[in-house]
Amino acid sequence: GAVVSQHPSWVICKSGTSVKIECRSLDFQATTMFWYRQFPKQSLMLMATSNEGSKATYEQGVEKDKFLINHASLTLSTLTVTSAHPEDSSFYICSARERGARSEQFFGPGTRLTVL
Amino acid sequence: GEDVEQSLFLSVREGDSSVINCTYTDSSSTYLYWYKQEPGAGLQLLTYIFSNMDMKQDQRLTVLLNKKDKHLSLRIADTQTGDSAIYFCADYPVSSYKLIFGSGTRLLVRP
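None of these values were measured; they are calculated from a predicted model.

## What about the state of the cysteines?
Residues and elements named next belong to chain A.
Thinking step 1. In this structure the tally under the stated criterion is 2 disulfides over all chains.
Thinking step 2. The disulfide partner of Cys23 is Cys94, and the S-S distance across this bridge is 2.0 Å. Handedness here is read from the sign of the S-S torsion; for Cys23 and Cys94, about 80°, the answer is right-handed. In this pair, Cys23 is assigned in strand S3 (residues 19-25) and Cys94 in strand S9 (residues 90-98), connecting sequence segments 71 residues apart.

Structural data, given as structure tokens:
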């Protein structure tokens, strides 16, 4: 149980285009989903927290107009990187927390984005 | 602010025990977690400990928590080559209700 999937697992796009990454909780309802960014050989940096049916809360320094987050259902959250640039290339990982759970988050396998 | 620190690298021989250390700063921690990340993959929850516990054992894994010193350790007994990965400790303080990750410890297990 408690499986989180991400799609796609990797994507290459041209500079200036937008890319959408999906995060799904497969066997539980996730009232809260988190989006992280990880640079090579570094730790995870929390970008934003999204609660189902409400606007995402972004961490300081994260541009909400560039990283659009939608959490339209209890099993799906999406991250759209708008007008991507090479510096947006990174590993993006989502996690999901089940309704009523104390704190435990289940992580997706990550999406590697490369912007040319 | 909240901070979690780990040593960057650990190398052990197969069959030996590995001990990965972590320190944190927030005194409002509730749970502390250990995650494993293999290359190109997401994070796998290994174990966790509640802040009012001193020790937790789960098969080959032993977690020790010294709340006074804000020190957490993960011991892996009989380390195998398949244990080679990056290990992250994470704090979950009530001051933020967010997971605060350490920088990760890269464990290399030599045959």
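## Comments concerning the pattern of salt bridges
Residue and element names in this part refer to chain B.
Thinking step 1. Evaluation of the coordinates by the stated rule reveals 6 salt bridges over all chains.
Thinking step 2. A salt bridge links Glu38 to Lys36; the shortest N-O distance between them is 3.7 Å.
Thinking step 3. Accessibility expressed as a relative area gives 37% for Glu38, which makes it partly exposed.
Thinking step 4. Overall, the relative accessible area of 9% leaves Lys36 in the buried class.
Thinking step 5. Measuring nitrogen to oxygen at the nearest pair gives 2.9 Å for the salt bridge that ties Asp83 to Arg60. Note that Asp83 is positioned in the loop between strand S8 (71-76) and strand S9 (85-93) and Arg60 in the loop between strand S6 (55-58) and strand S7 (61-66), a separation of 23 residues in sequence.

## Describing a nonpolar patch on the surface
Thinking step 1. On the surface, Trp10(A), Ile12(A) and Leu116(A) cluster together into a nonpolar patch covering about 390 Å² of accessible area.
Thinking step 2. Given a relative accessible area of 62%, Leu116(A) falls into the exposed group.

## Brief notes about the interface of chain A and chain B
Thinking step 1. Between chain A and chain B, the residue contacts involve 18 residues of the former and 19 residues of the latter.
Thinking step 2. Here chain A packs against chain B, burying approximately 1,500 Å² in sum over the two surfaces, 54% of which is carbon and sulfur.
Thinking step 3. Between the two partners, chain A and chain B, sit 1 salt bridge.
Thinking step 4. Glu59(A) is the salt-bridge partner of Lys98(B), the closest N and O atoms lying 2.8 Å from each other.
Thinking step 5. The tally of links between chain A and chain B comes to 5 residue pairs in polar contact (both at pLDDT 80 or more).
Thinking step 6. When contributions to the side of chain A that touches chain B are tallied by element, the ones reaching two or more residues are strand S4 (30-38), strand S5 (44-51) and S9 of chain A.
Thinking step 7. For the side of chain A that touches chain B, the class distribution of residues is 7 nonpolar, 6 polar and 5 charged.

## Observations concerning unusual backbone geometry
Thinking step 1. Between His7(A) and the following residue, Pro8(A), the backbone shows a cis peptide bond with an omega angle of 0°.
Thinking step 2. As for its placement among the helices and strands, Pro8(A) is situated in the loop between strand S1 (4-7) and strand S2 (10-13).
Thinking step 3. Of note in the backbone geometry, Lys41(A) takes a positive phi value of approximately 60° without being a glycine.
Thinking step 4. Structurally, the position occupied by Lys41(A) is in the loop between S4 and S5.
Thinking step 5. With a relative accessible area of 75%, Lys41(A) lands in the exposed category.
Thinking step 6. Backbone geometry places Asp78(B), a non-glycine residue, at a positive phi of 50°.

## Topic: the environment of Cys23(A)
Thinking step 1. Exposure remark for Cys23(A): the relative accessible area of 0% places this residue in the buried category.
Thinking step 2. Measuring from C-alpha to C-alpha, the distance between Cys23(A) and Ser77(A) comes to 5.2 Å, with 54 residues separating the pair along the chain.

## Section: the nonpolar core
Generally speaking, a soluble globular protein has its nonpolar side chains buried in company with each other.
Thinking step 1. Formed by 24 residues in total, the largest nonpolar core has its most connected members in Trp35(A), Phe67(A), Leu79(A), Tyr92(A) and Leu113(A).
Thinking step 2. When contributions to this core are tallied by element, the ones reaching two or more residues are S2, S3, S4, S5, strand S7 (67-73), strand S8 (76-81), S9 and strand S11 (111-115) of chain A.
Thinking step 3. With 21 residues, the next largest nonpolar core counts Cys22(B), Leu46(B), Ile49(B) and Val109(B) among its residues.

## Remarks on the environment of Arg97(A)
All names here are of chain A.
Thinking step 1. Within the fold, Arg97 resides in strand S9.
Thinking step 2. Residue class for Arg97 comes out buried when judged on its relative accessible area of 15%.
Thinking step 3. Separated by 63 residues in sequence, Arg97 and Phe34 have C-alpha atoms that sit 8.3 Å apart.

## Brief notes about the sheet that holds S7(A)
All names here are of chain A.
Thinking step 1. The antiparallel open sheet is built from 4 strands, whose spatial order is S1-S3-S8-S7. Looking at strand neighbours, the two that pair on one side only are S1 and S7, the edges of this open sheet. For this sheet, the mean angle separating the axes of adjacent strands, direction not counted, is 15°.
Thinking step 2. Pairing of S7 with S8, which is carried by 5 bridges, proceeds in the antiparallel orientation. Bridge assignment links Phe67 to a residue of S8, and that residue is Val81.

About the criteria used
Residues numbered from 1 in each chain as written. Chains lettered and ligands numbered in written order. Predicted model: local features only at pLDDT ≥ 70, side-chain atom pairs only at ≥ 80, totals over all residues. Heavy atoms only, no water. Disulfide = S-S within 2.5 Å. Helix = DSSP H or I, 4+ residues; strand = E, 2+ residues; numbered from the N terminus. Salt bridge = Lys/Arg side-chain N within 4 Å of Asp/Glu carboxyl O. Buried < 20%, exposed > 50% of the residue type's maximum accessible area, 1.4 Å probe, protein only. Patch = residues over 30% accessible without salt bridge, like charges linked within 9 Å, V, L, I, M, F, W, Y side chains within 5 Å. Areas by Shrake-Rupley, 256 points an atom, 1.4 Å probe, with all protein chains shown as cover. Contact = heavy atoms within 4.5 Å. Buried area = accessible area lost by both parts, 1.4 Å probe. Polar contact = N/O pair within 3.5 Å; in protein donor to acceptor, adjacent residues only side chain to side chain. Nonpolar A, V, L, I, M, F, W, Y, C, P; charged D, E, K, R; others polar. Core = buried A, V, L, I, M, F, W, Y, C linked by side-chain atoms within 4.5 Å. Pairing = 2+ DSSP bridges. Axes fitted to C-alpha atoms, helices over the stretch in contact; angles between N-to-C directions.

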